[in-house]
Amino acid sequence: MKALTENGVTANESVTPAPPTKRKSGFWKSVVQQKYLYLMSLPFVIWVFIFSYLPLWGWTMAFQNYKPAKSFGEQKWVGLDNFKELFSDDRFYLVLRNTLAMSGLGLVFGFVVPILFAVLLNELKGSLFKRTVQTVSYLPHFVSWVVVGGLVYKMLAIEGGGVNDLLLWLNIIDEPIQFMAQPKMFWGIVTVSDLWKETGWNAIIYLAAITGIDKELYEAAKVDGAGRIKQMFHITLPGIRTTITVLLIMSIGHMVSTGFEKQFQLTNSLLTDYSEVLDLYALNYGIKIARFSYGTAISMFTSVVSVILLLIANGVSKKLTKESIM
Amino acid sequence: MAAKAFELKKSERAFDIFLYIFLGIVMIVTLYPFLNVLAISFNDSTDTVRGGITIWPREWTLDNYKRIFSYTGLIQGFKVSVMRTVVGTLLGLISASMLAFTLSRPEFRARKLFSYFLILTMYFSGGMVPAYILMRDLNLIGTFWIYVLPGAVSAFNVFIIRSFMDGLPFALQESAKLDGANDFKIFYKIILPLCKPVLATVTLFLAVGQWNEWFTTYLYNGNKSHLTTLQYELMKVLATTNQGSGMTNSNDLANQMAQVSPESIKMAITIVVTVPILVVYPFLQKYFVSGMTLGAVKA
């Protein structure tokens, strides 16, 4: 009995686990002892279960012909029919192409540009100008895609749009371009809008990583006669390699679930063939016309593919650079 | 030698000039759309049609703002947006700080289990349709609660706060424990006051997230006029000529207003939606920068 109490006390103060023979009683004892910790965490864990894990149960709908009015037991099971239909739908491949194209562009540019921005910004050593640029660069991150959508339409307008006015003034074009009526331009517009919105924000982490680089490395390089551009390539960039790898893995994992907000806010009826992404497809062909089973099949496809991509990216990176997130 | 040093200096100077010009352009490109919209929102609406407004109004007026504030939908949307921002932020703060505290206690038995349980949510989601069905089954559609309940626990915020707590001296908690304080007391008497910087960060993330969110309104509450948010009202007004989002409804008040002088109205509402956040974020900059860094290190 004495040993048990002692054991309880030590377990409470250090990470030492209880000896396996008395595990069960040790467990209940620790629950009582840590009742406040359980009270403070369990309700939220249940919350997470309801809102994040319970929807996974909804994946069963993908194998049913789900009818909202019926209970679970009464639903008709259809096997893989929904997936067969999905994979034989031409629209699906169009949507998949759009998703991969836009997330691929976003991955490449949305990844490279913030690194360049951070490295360049770092060259302005602690000046007022640097702080001003930084503060301004965060600004677009804090406004919604609704607002950004409005701004993009305004900037690209034929009459009084900043971009057309500038191009006309520079004599690059003779008459204004109807940017938002050209399906082929949509991927580019989405990519640039996203860069405009998030570059400053995404550079934060790189800037922080750069401040962690040993200052003596720069001093040594200077002695060796390396200019600042050389230092950027030989010290700054290698110095933040770990950060770069980790963020790359994460963004690959988010490739197919890249979101739909920007596409939703920037598109119009002329552009849907180039703007519809998987989530919007699920919205338009799943929820809006109440084909819930079909929509679930789309959602499931998206989730599974993104987890697979994440695992692949993580595994490849582990092999190549010994960096991984899991 | 001297010549080489001089050469180096010259190229350094050129690099500096390039940096200032380049980053200056970046700053202009970032700011111009906002300044342009601001100028138009204060410019006489018939004059705006003539075009050529850049960053300064030609004919100053407050009429655009007077007009949008006489539109009840906007006032209503403003109220709901403020409500969901306040309630959602509070809920998010309470849940994230409590969870973070328990997960930062090395002796907590369920620590590992709960941590993995949370981390997983950052990498997968059931998707839009199962979420929709769940909201329907929980009877949250068409209620205010759908804005604040589903997202109340965010793993990302939990881990930001936890990594901050991990950096606090553990001796503080130990001595309080010896004095007989229970875990909850240690949490709100000792730990929470020390966490102000990271709580400021998370507050900003939560508040901005709530304020900017529009899809929930669009998907679930669009037909409930007493539950629409400011973002949604802006969306409706913008959609009148963008023809985006397929949200055109000719009986809509927003639509009729936009017919009068679409450009100016749109710009004024854009400013109203944007300003609250723009006033706040520069002051929290040092907090969110460190918060993002903490989150990245852990995640």
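Residues numbered from 1 in each chain as written. Chains lettered and ligands numbered in written order. Predicted model: local features only at pLDDT ≥ 70, side-chain atom pairs only at ≥ 80, totals over all residues. Heavy atoms only, no water.

### Considering the overall build of chain A
The helix and strand tally for chain A stands at 16 helices and two strands. The proportion of buried residues among the 326 residues of chain A is 51%. At a minimum sequence separation of 6, the contacts of chain A that also span at least 24 residues come to 64%. As displayed, chain A has an accessible area near 16,200 Å², and 67% of this comes from carbon and sulfur atoms. (Helix = DSSP H or I, 4+ residues; strand = E, 2+ residues; numbered from the N terminus. Buried < 20%, exposed > 50% of the residue type's maximum accessible area, 1.4 Å probe, protein only. Contact = heavy atoms within 4.5 Å. Areas by Shrake-Rupley, 256 points an atom, 1.4 Å probe, with all protein chains shown as cover.)

### Quick look at the overall build of chain B
The number of helices and strands found in chain B is 15 helices and zero strands. Within chain B, counting contacts between residues at least 6 apart in sequence, those at least 24 apart form 69% of the total. Of the roughly 13,900 Å² of accessible surface on chain B, 67% is carried by carbon and sulfur atoms.

### A word on the pattern of salt bridges
Enumeration according to the criterion identifies 16 salt bridges over all chains in this entry. R91 of chain A is the salt-bridge partner of E276 of chain A, the closest N and O atoms lying 2.8 Å from each other. Residue E276 of chain A is found in the loop between α14 (272-275) and α15 (278-287), and its partner R91 of chain A is found in helix α5 (residues 90-123); the two are separated by 185 residues along the sequence. A salt bridge links D137 of chain B to R136 of chain B; the shortest N-O distance between them is 3.2 Å. Owing to a relative accessible area of 24%, R136 of chain B belongs among the partly exposed residues under this scheme. Residues joined by salt bridges that share partners form a network here, namely R91, D273 and E276 of chain A. (Salt bridge = Lys/Arg side-chain N within 4 Å of Asp/Glu carboxyl O.)

### What about a nonpolar patch on the surface?
All names here are of chain A. On the surface, a cluster of nonpolar side chains totalling about 530 Å² of accessible area is made up of F49, L54, W57, F72 and W77. Considering each element in turn, the nonpolar patch owes the most residues, three residues, to helix α3 (residues 35-57). By the element assignment, F49 lies in helix α3. (Patch = residues over 30% accessible without salt bridge, like charges linked within 9 Å, V, L, I, M, F, W, Y side chains within 5 Å.)

### Side note on helix α6 (residues 128-137) of chain B
Three- or four-residue spacings in an α-helix give side chains the same orientation, since the helix completes a turn every 3.6 residues. All names here are of chain B. Counting buried residues in α6 gives seven out of 10 residues, a clear majority hidden from the surface. Residues of α6 that are buried include every one of M128, V129, P130, Y132, I133, L134 and M135, and no others. Looking one or two places after α6, you find N139, whose phi comes out positive at around 60°.

### Some points on the interface of chain B and chain A
Chain B puts 97 residues into the contact, and the matching count from chain A is 93 residues. Summing both sides of the interface, chain B and chain A together bury roughly 8,500 Å²; the carbon and sulfur share of this comes to 75%. Broken down residue by residue, the surface that chain B buries against chain A is led by R109, Y123 and W214 of chain B, which jointly contribute 9%. Between chain B and chain A we count two salt bridges in total. Two residues, R228 of chain A and D16 of chain B, come together in a salt bridge whose shortest N-O distance is 3.1 Å. (Buried area = accessible area lost by both parts, 1.4 Å probe.)

### Topic: the side chain of T102 of chain B
Of note, T102 of chain B is situated in helix α4 (residues 72-103). According to the relative accessible area criterion, T102 of chain B is buried, its value standing at 0%. Not counting chain neighbours up to four residues away, the residues in contact with T102 of chain B comprise L37, M40 and S41 of chain A together with F108 of chain B.

### Some thoughts on the nonpolar core
Ranked by internal contacts, the top residues of the largest apolar core, which has 140 residues, are F142 and L283 of chain A together with L118, W214 and F288 of chain B. Look past the residues within four positions of L283 of chain A in its chain and what remains in contact with it is F264 and K288 of chain A together with M128, F215, Y218 and L219 of chain B. Formed by 27 residues, the second largest nonpolar core is a distinct cluster that contains V119, I213 and I244 of chain A together with L19 of chain B. (Core = buried A, V, L, I, M, F, W, Y, C linked by side-chain atoms within 4.5 Å.)

### Here's the deal with the confidence of the model for chain B
Do not read the predicted coordinates in detail wherever pLDDT is low. Chain-level pLDDT for chain B is 85 on average; 88% of the residues reach the 70-or-more range. Predicted as a complex, the structure gets a pTM of 0.86 and an ipTM equal to 0.87. (pLDDT = per-residue confidence, 0-100.)

### Focus on unusual backbone geometry
Positioned with a positive phi, N171 of chain A is a non-glycine residue whose angle comes to about 60°. We classify N171 of chain A as exposed; its relative accessible area is 63%. Positive phi, close to 60°, is recorded for N139 of chain B, a residue that is not glycine. For N139 of chain B, the position within the fold is in the loop between α6 and α7 (155-166). N139 of chain B gets classed as exposed once you look at its relative accessible area, which sits at 62%.

### As for the packing of α4 of chain B against α7 of chain B
All names here are of chain B. Put simply, α4 and α7 touch, their axes get as near as 8 Å, and they point 50° apart. Considering the angle they form, α4 stands oblique to α7. Regarding α4 and α7, the two cross each other, and that crossing is right-handed. Residues A96, S97, L99, A100, F101 and L103 of α4 touch α7, and the partners they reach there are N157, V158, I161, R162 and M165. By residue class, the composition of the contact of α4 with α7 is eight nonpolar, two polar and one charged. (Axes fitted to C-alpha atoms, helices over the stretch in contact; angles between N-to-C directions. Parallel < 35°, antiparallel > 145°, perpendicular 65-115°, else oblique. Left-handed = near helix turned anticlockwise from the far one by under 90°. Nonpolar A, V, L, I, M, F, W, Y, C, P; charged D, E, K, R; others polar.)

### Section: the packing of helix α5 (residues 111-120) of chain B against α7 of chain B
Residues and elements named next belong to chain B. One way to put it is that α5 packs onto α7 with a least axis distance of 9 Å and a crossing angle of 130°. On the basis of the axis angle, α5 is oblique to α7. Here α5 contributes S115, L118 and I119 to the contact with α7, which in turn contributes A155, V158, F159 and R162. Among the residues forming the contact of α5 with α7, the class breakdown is five nonpolar, one polar and one charged.

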